[in-house]
Amino acid sequence: MIDGPFLAIETSCDETAAAVIEKRVVRSSIVASQADLHTPYGGVVPEIAARHHLGTVNLVVAQALAQAGFELSDMRAIAVTQRPGLIGALLVGVSTAKALAYAVGCPLVCVDHLLGHICASWLEPIALDPPFVSLIASGGHTRLDLVRDLAHPETLGQTIDDAAGEALDKGARLLGLGYPGGPALERLSRGGDPTAHAFPVALGGRRTRDFSFAGVKTSLLYVVRREGDLSDGRRADLASSYQEAIVAPLAARLLDAAREHRVPAIALGGGVAANGRLRELVSEGAAQAGLRVAMPEIALCTDNAAMIGAAAQFTEPVAWPDFLAMDAMPTAPPGGIAA
Amino acid sequence: MLTFALDTSTQSPSLAITRNDRVVGELWLGPDPDAGRRVLEAGHHLLCATGIGLSQLERIVVGVGPGGFTGLRIGLATAHALGQALACPVVGAISLEALALGIAETVDPGVIVLPAHDARRAELFAAAYRVGPDGGLEQIIGPVAIPAALLAGKLAGQLRDGVRVVSAGTGAIVGRDALEAVGIEIAPDGSGAHRLRAAALVERVAAGAGCDPSPRYARLPDAKVNLLRATRGGT
Ligand SMILES: [Zn+2]
């Protein structure tokens, strides 16, 4: 574990974030979201994201330090998201972190973004310790991990096509909602009947714990094409049924995995963990099964740097100046998580 | 003043350490599309080789482009983070002006120098400057992203009037046919004029041509171009 306060930086997608962490405590966590910049494009544009990170990262770092009441020279390490993500975006964070660590004279910790999501619940005040089963669902990722050791999560399943958040966004678009559509879809679904339409089950095969959302999305596309102009009630029913087809399997697989591996707790992470229906299904199931549920506040579920700081506590730091040879990497390693 | 200068706008990033505008040490990387990623590592070697401690640096000078977007961002992110950590000023200089200074050294006053990087997509990142009697640069074109033939056309009048125009850089090499067709001279292969020196960025700053240390992309993101076209109803 890093001895003393350290800075964490995250720039893998469309949030520019910095945090100061000390042991398991978040001293500060600043997130500058670019979401509005990408709205006109219906998705994150890598070149626009990278440009915006460059103009923002130093300000966000300065704010995180000021809010925590530290100077850069107090930092005992600099942690940064190294992979996976948009390469141009990652390179801004990694170049910044390397130069900061080089100038401060401290080690650099190259963190896997997904380990960050898994470790978010380890932070105070939730302070969840292994063993637990983790579900990470976001616009870029959907995965289930058995966590007996935070340094080495064991992959149980992942999506074989779209990510859950991507599927929610695409569904929202088919129903005429804007981008990012997940939250709008959830609002619309509140007035609808989740059993009104039978979508295919979003599972990547009976034998595995993988997920598949492409079929659900295609099914909605056909319904919308076939039915043409939808009444408000029908749209709400479809939104509700579609959302259910995506989040119910997530909750079910998470609860099943906890039962099968006899762990006392489950954890949610990623932007889709903000989905109220998913939270409801997971809470109900966990209460019945007597499981502890770790659901970090929304700001710790969506991309942030505090979680990168948490994962840094389980990642080997690279000494000064050896880290100068470190580089950003767009893809996840085989197995899904570098730790 | 002890200055650390870097430019990652090309595939041959350049670093220099200068003291009171005299070069203490300099080096180049590449040519390699990913060379920018090693710029800080190279900076460490340069500091070690010159025996200068990082904490002694009083100023960071960084090339702001135009040039390859990713390389440019790595250099700027590195410069800004060093400036932030060392609490020293970060000053920008136009990368093409640094390249122009190298060409200007090989010609007489009154000649037009045309520094150009290969911008791919059949375009050059280029600018044109008239060399002043004191070796100063008077901007005539750019910096812009432009097809070589179009750039050549903009200088045809000057050439007809008998003005020499000399180009260098990777853009001069890829655009050779179009440039030479109107009489623009290309610096000889292997000439130092093709090489952007980070130390020349410091010279530009000393000449009062320092600028805001933010990137000069010279191109909008493709997605933005497409969106603008769509909203204008064009193709
Ligand atoms: Zn994420």
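This section reports on the structure supplied with the text. Since the structure is predicted, the reported quantities are computational estimates derived from the model, not experimental observations. (Residues numbered from 1 in each chain as written. Chains lettered and ligands numbered in written order. Predicted model: local features only at pLDDT ≥ 70, side-chain atom pairs only at ≥ 80, totals over all residues. Heavy atoms only, no water.)

## As for helix 8 (residues 198–209) of chain B
As a reminder of what qualifies: We count a stretch as a helix when DSSP gives it H or I for four or more residues in a row; a strand needs E for two or more, and each element gets its number in order from the N terminus. Helix span is expected to be 1.5 Å times the residue number reduced by one. Three exposure classes are used, based on accessible area relative to the maximum for each residue type with a 1.4 Å probe and protein chains only: buried under 20%, partly exposed in between, and exposed over 50%.
Along its twelve residues, helix 8 of chain B runs just 14 Å from first to last C-alpha, ending more than 12% under the 16 Å computed at 1.5 Å per residue. Taken together, the buried positions of helix 8 of chain B are Ala198(B), Ala199(B), Ala200(B), Leu201(B), Val202(B), Arg204(B) and Val205(B).

## A few points about the nonpolar core
To keep things clear, this is the line we draw: Among buried residues, those of type Ala, Val, Leu, Ile, Met, Phe, Trp, Tyr and Cys that are joined through side-chain atoms within 4.5 Å constitute a nonpolar core.
Judged by nonpolar contacts, the single largest core of 98 residues is most densely connected at Leu7(A), Ile9(A), Ile78(A) and Leu82(B). The biggest single contributor to this core is helix 3 (residues 87–104) of chain A, with ten residues.

## Some words on the layout of surface pockets
Stated precisely, the cut-off is as follows: Cavities and pockets are found on a 1 Å grid laid over the protein atoms alone: a cavity is a set of points where a 1.4 Å probe fits but cannot escape, a pocket is an open set with protein on both sides within 12 Å along at least five of seven lines, and a lining residue has an atom within 4 Å of such a point. Grid points are joined across faces, edges and corners, and a volume is the space filled by probe spheres set on the points. Under the grouping applied here, Gly and all other residues not named as nonpolar or charged are polar, the nonpolar ones being Ala, Val, Leu, Ile, Met, Phe, Trp, Tyr, Cys and Pro and the charged ones Asp, Glu, Lys and Arg.
In this structure, the largest pocket occupies an estimated 1,200 Å³ of space. Taken together, 37 residues make up the lining of the largest pocket; nearest its centre are Ser138(A), Gly139(A), Gly140(A), Asp169(A) and Tyr179(A). Counting residues per element, the ones that place at least two in the lining of the largest pocket are helix 4 (113–119), helix 5 (164–174), helix 6 (182–189) and helix 10 (298–301) of chain A. In terms of residue count, the dominant contributor to the lining of the largest pocket is helix 5 of chain A (six residues). Partitioned by chemical class, the residues of the lining of the largest pocket number 13 nonpolar, 16 polar and eight charged. Taken as a whole, the second largest pocket encloses approximately 900 Å³ of empty space. Along the walls of the second largest pocket sit 35 residues, with Gly67(B), Gly68(B), Phe69(B), Thr70(B) and Arg120(B) positioned nearest its centre. Where the lining of the second largest pocket is concerned, the elements lending two or more residues are helix 2 (46–68) and helix 3 of chain A together with helix 2 (69–86) and strand 6 (112–118) of chain B.

## Some remarks on empty space enclosed by the protein
Applying the stated criterion across every chain, the model contains one cavity of 30 Å³ or more. Each pocket or cavity is described by its volume, and for the largest cavity that value is around 70 Å³. Considering the residues around the largest cavity, the lining is formed by Leu91(A), Val94(A), Ser95(A), Lys98(A), Met326(A), Asp327(A), Gly36(B), Arg37(B), Val39(B), Leu40(B), Ile74(B) and Thr78(B). Among the secondary structure elements, those contributing two or more residues to the lining of the largest cavity are helix 3 of chain A together with helix 1 (39–50) and helix 2 of chain B.

## Brief notes about the interface of chain B and chain A
Note the cut-off: Contacts are assigned to residue pairs with any non-hydrogen atoms lying within 4.5 Å of each other. Once two parts are brought into contact, the accessible area they lose, counted with a 1.4 Å probe and summed over both, makes up the buried area. Any Lys or Arg side-chain nitrogen found within 4 Å of a carboxyl oxygen on Asp or Glu counts as a salt bridge. Here a polar contact is recorded for every N or O atom pair within 3.5 Å, except that within protein the pair must consist of a potential hydrogen donor and a potential acceptor, and residues adjacent in sequence are included only if both atoms are side-chain atoms.
Contacts between chain B and chain A engage 27 residues on the former and 29 residues on the latter. In this assembly, chain B packs against chain A so that about 2,400 Å² is buried in total across both faces, 68% of it on carbon and sulfur atoms. Considering only the side of chain B, the residues that lose the most area to chain A are Arg37(B), Arg73(B) and Gln84(B), jointly responsible for 26% of the buried surface there. Counting every contact that joins chain B to chain A gives two salt bridges. Arg37(B) is the salt-bridge partner of Asp327(A), the closest N and O atoms lying 3.1 Å from each other. At the junction of chain B with chain A, the criterion picks out five residue pairs in polar contact (both at pLDDT 80 or more). Elements represented by at least two residues in the side of chain B that touches chain A include exactly helix 1, helix 2 and helix 9 (222–232) of chain B. In terms of residue count, the dominant contributor to the side of chain B that touches chain A is helix 2 of chain B (13 residues). Of the residues assigned to the side of chain B that touches chain A, the class counts are 17 nonpolar, five polar and five charged.

## A closer look at the coordination of the zinc ion
Residue and element names in this part refer to chain A. Stated formally: Each metal site is built from N, O and S donor atoms within 2.8 Å (3.2 Å for Na, K and Ca), and since water is not included, such sites may look incomplete.
On the protein side, the zinc ion has His113 (NE2), His117 (NE2) and Asp303 (OD) as donor atoms, found 2.1 Å from it. Motif for the zinc ion, donor spacing along one chain: H-x3-H-x185-D. Residue His113 is located in helix 4, and its partner Asp303 is located in the loop between helix 10 and helix 11 (306–312); the two are separated by 190 residues in the primary sequence. Note on Asp303: relative accessible area 14%, which makes it buried.

## Side note on the pattern of salt bridges
Scanning the entire structure with this criterion turns up 28 salt bridges over all chains. Ionic pairing is found between Arg143(A) and Asp145(A), a salt bridge with its closest N-O pair at 2.8 Å. For the pair formed by Arg143(A) and Asp145(A), the shared burial category is buried. Measuring nitrogen to oxygen at the nearest pair gives 3.1 Å for the salt bridge that ties Arg176(B) to Glu180(B).

Scope: geometric values only; no functional claims are made or implied.
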